[in-house]
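Structural characterization, general
The primary structure of each chain is shown beneath.
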Amino acid sequence: MSIATYVFGSWQTFGSYGSDINQFDWHHAVVLNASGHIYVADTLNHRIVRIDDMSGVGWTTFGSYGSGTNQFSAPNGITLDDNGYIYIADTANNRIVRIDDMSGTGWITFGSKGSDTGEFYVPTGVAVGGNGGIYVADQWNYRIVRIDDMSGVGWTTFGSYGSGTSQFNGPVNVTLDANGHIYVADKVNCRIVRMDDMSGTGWTTFGSKGSDTGEFYIPYKVALDVNGYIYVADALNGRIVRFIMP
């Protein structure tokens, strides 16, 4: 991927292809905690990785392939809450997992395959709001799901299949700003969606299919900074995009 301007020092990389120490296979998500430690959803190694910094010190992994306790199948999304608990979108197992830390203590799951209440179909993104609510990009159910906690209480969904208002086609990632506004990478529609809350109020979209200014081609991840800039992993254009939502 490319980005036009490097702001915070020199280019640095860590890792190589594989399944051993210091290696990843098709890793899909990365998040940092307050101390700057790095957590990675190492998708095709079916595990979560934690390192202290970009030197790779403190390399720790958790998980193996499967559908049981302490197992994942193609985890795509990862986030942390204010208590440091780790939430994983365990994609091919069609569930969300929460663990207390990288030991796997407190393992708890929610969800199964389907389209009804308490069910997901290829969930790929997970975020936690300031009030502890859990938001899931339920990709092939074409919706965003919110639950109050890992019991599934407060199950709320928004969205349906399509390209119009209040519709998604492959919502693959979700994140929230400091005001609780919801941002979605609407992958197949090649756009970013913002809405005020799970009612869909304030629905705003940006982007269309292409490679020019204001265009994306399979936007896969969306992130925000404290200055209000939106960052998008514009996957099939091979680039990172930064913009302000109009």
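The text that follows walks through the structure, step by step, so that each part is easy to find. (Residues numbered from 1 in each chain as written. Predicted model: local features only at pLDDT ≥ 70, side-chain atom pairs only at ≥ 80, totals over all residues. Heavy atoms only, no water.)

Taken together, the four strands give an open sheet; going across it, the order is E21-E22-E23-E24, and neighbouring strands pair in antiparallel fashion. The open sheet is flanked by strand E21 (171-176) and strand E24 (204-206), the only strands paired with a single partner. Between one strand axis and the next, the sheet turns by 20 degrees as a mean value, whatever way the strands run. Bridge count between E21 and strand E22 (residues 182-186): five bridges; the pairing is antiparallel. When the bridges of E22 are listed, Leu 176 appears paired with Ile 182. (Pairing = 2+ DSSP bridges. Helix = DSSP H or I, 4+ residues; strand = E, 2+ residues; numbered from the N terminus. Axes fitted to C-alpha atoms, helices over the stretch in contact; angles between N-to-C directions.)

Taken as a whole, this structure holds 17 aromatic pairs when the rule is applied. An angle of 75 degrees between the planes, with centres 6.3 Å apart, marks the rings of Phe 14 and Phe 24 as edge-to-face. Placement of the pair is Phe 14 in the segment before strand E1 (16-17) and Phe 24 in strand E2 (residues 23-24), with a sequence separation of ten residues. When its relative accessible area of 5% is taken as the criterion, Phe 24 is described as buried. Centroid distance Phe 206 to Phe 216: 6.2 Å. Interplanar angle 75 degrees. Geometry classified as edge-to-face. With Phe 206 in strand E24 and Phe 216 in strand E26 (residues 215-216), the pair connects residues that are ten residues apart, well separated along the chain. The class of Phe 206 is partly exposed, set by a relative accessible area of 22%. (Phe/Tyr/Trp six-rings, centres within 6.5 Å; stacked < 30°, edge-to-face > 60°. Buried < 20%, exposed > 50% of the residue type's maximum accessible area, 1.4 Å probe, protein only.)

Bringing the sheet that holds strand E9 (residues 75-80) into the picture now. Judged by pairing direction, the sheet is antiparallel, and its four strands sit side by side in the order E9-E10-E11-E12 without closing on themselves. Edge strands, defined here as strands with exactly one partner in the open sheet, are E9 and strand E12 (108-110). Across the sheet, the mean angle separating the axes of adjacent strands is 20 degrees when strand polarity is ignored. Where strand E10 (residues 86-90) meets strand E11 (residues 95-99), five bridges bridge the pair, whose relative direction is antiparallel. Bridge assignment links Tyr 87 to a residue of E11, and that residue is Arg 98.

On inspection of all chains with the given rule, the structure shows seven salt bridges. Across the pair Arg 146 and Asp 148 runs a salt bridge whose closest N-O atoms are separated by 2.6 Å. Classification of Asp 148 by relative accessible area gives partly exposed; the value is 34%. The closest approach of N and O atoms between Asp 186 and Arg 191, which form a salt bridge, is 2.8 Å. Classification of Asp 186 as buried rests on a relative accessible area of 0%. (Salt bridge = Lys/Arg side-chain N within 4 Å of Asp/Glu carboxyl O.)

Everything listed is a geometric property; what it means functionally is a separate question.
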